[in-house]
Amino acid sequence: MNAWWHEVWVTLQAEFADIGDASQLTRITVRLLIAASLGGILGFERESKGKAAGVRTHMLVALGAALFVLVPQMSGSQADAMSRVVQGVIAGIGFLGAGTILKNQEGDEGHVKGLTTAAGLWMTAAIGVSAGLGREATAVFSTALALVIFSVVPRILNMLERKNDHL
């Protein structure tokens, strides 16, 4: 019976041996935490504006995208395999985003809601992919640009619309 437990223990050790050293653990932790944090920042901005996809959704999208690219990269996948993984993430997020888009059928024909939310989730996935691939500076810079688009661009558009109304 003792040999059986020893075999179970050795098997469990082998199953959890995908993190070889402190350097690899640090790399995984940093990439996943950055992805989740940056997704959370974008999600907080969207949630504060009362949008459908908020903090948790954006965090999970970024974290999932990061994990989808991190695991094959750390397993030694070649560039062509990684390209297929990224394509899959992009397509999958497209389906998720499509679920946030609503077309108003009553009264206001042609009015579509949720396009910005869908695009934001797509951007959040791209940020997660960047973080997962170890491009943290690119992910941070992209998050800052997305925040400008979410926060500053609507103000500029409102100012331009008010100017046009006064003309």
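Residues numbered from 1 in each chain as written. Predicted model: local features only at pLDDT ≥ 70, side-chain atom pairs only at ≥ 80, totals over all residues. Heavy atoms only, no water.

If you check an unreviewed UniProt entry, the protein chain appears there as Protein MgtC from Pseudomonas moorei. Taken verbatim from the UniProt record of the protein chain, the Sequence similarities (unreviewed entry) comment is "Belongs to the MgtC/SapB family." (UniProt positions renumbered as here; feature names shortened; annotations may be inferred.)

Within the protein chain, the regular secondary structure consists of 6 helices and 2 strands. Referenced to the eigenvectors of the C-alpha coordinate spread, the extents of the protein chain come out at roughly 85 × 35 × 30 Å. By the burial criterion, 27% of the 167 residues in the protein chain qualify as buried. Once local pairs closer than 6 in sequence are excluded, the contacts in the protein chain between residues at least 24 apart make up 60%. Accessible area of the protein chain: about 11,200 Å², with a carbon and sulfur share of 64%. (Helix = DSSP H or I, 4+ residues; strand = E, 2+ residues; numbered from the N terminus. Buried < 20%, exposed > 50% of the residue type's maximum accessible area, 1.4 Å probe, protein only. Contact = heavy atoms within 4.5 Å. Areas by Shrake-Rupley, 256 points an atom, 1.4 Å probe, with all protein chains shown as cover.)

Attention now goes to the environment of leucine 60. Inspection of the secondary structure assignment puts leucine 60 in helix 3 (residues 55-74). Sequence spacing of leucine 60 and alanine 137 is 77 residues, and the spatial spacing of their C-alpha atoms is 20 Å.

Opposite charge on two side chains permits pairing when their charged atoms draw close. Counted under the stated rule, the structure contains 4 salt bridges. A salt bridge links glutamate 136 to arginine 31; the nearest nitrogen and oxygen atoms lie 3.9 Å apart. Note that glutamate 136 is positioned in helix 6 (residues 136-166) and arginine 31 in helix 2 (residues 22-48), a separation of 105 residues in sequence. Take arginine 31: its relative accessible area is 10%, and that puts it in the buried class. A salt bridge links glutamate 45 to arginine 46; the nearest nitrogen and oxygen atoms lie 3.5 Å apart. Each member of the pair glutamate 45 and arginine 46 is classed as buried. Here the salt bridges share partners, and the residues they tie into one network are Glu45, Arg46 and Lys49. (Salt bridge = Lys/Arg side-chain N within 4 Å of Asp/Glu carboxyl O.)

Right, let's talk about the environment of alanine 62 for a bit. Relative to the helices and strands, alanine 62 is located in helix 3. Placed 70 residues apart in sequence, alanine 62 and glycine 132 show a C-alpha to C-alpha distance of 9.0 Å. Among residues more than four places away in sequence, those in contact with alanine 62 are Ala35, Gly39, Thr124 and Gly128.

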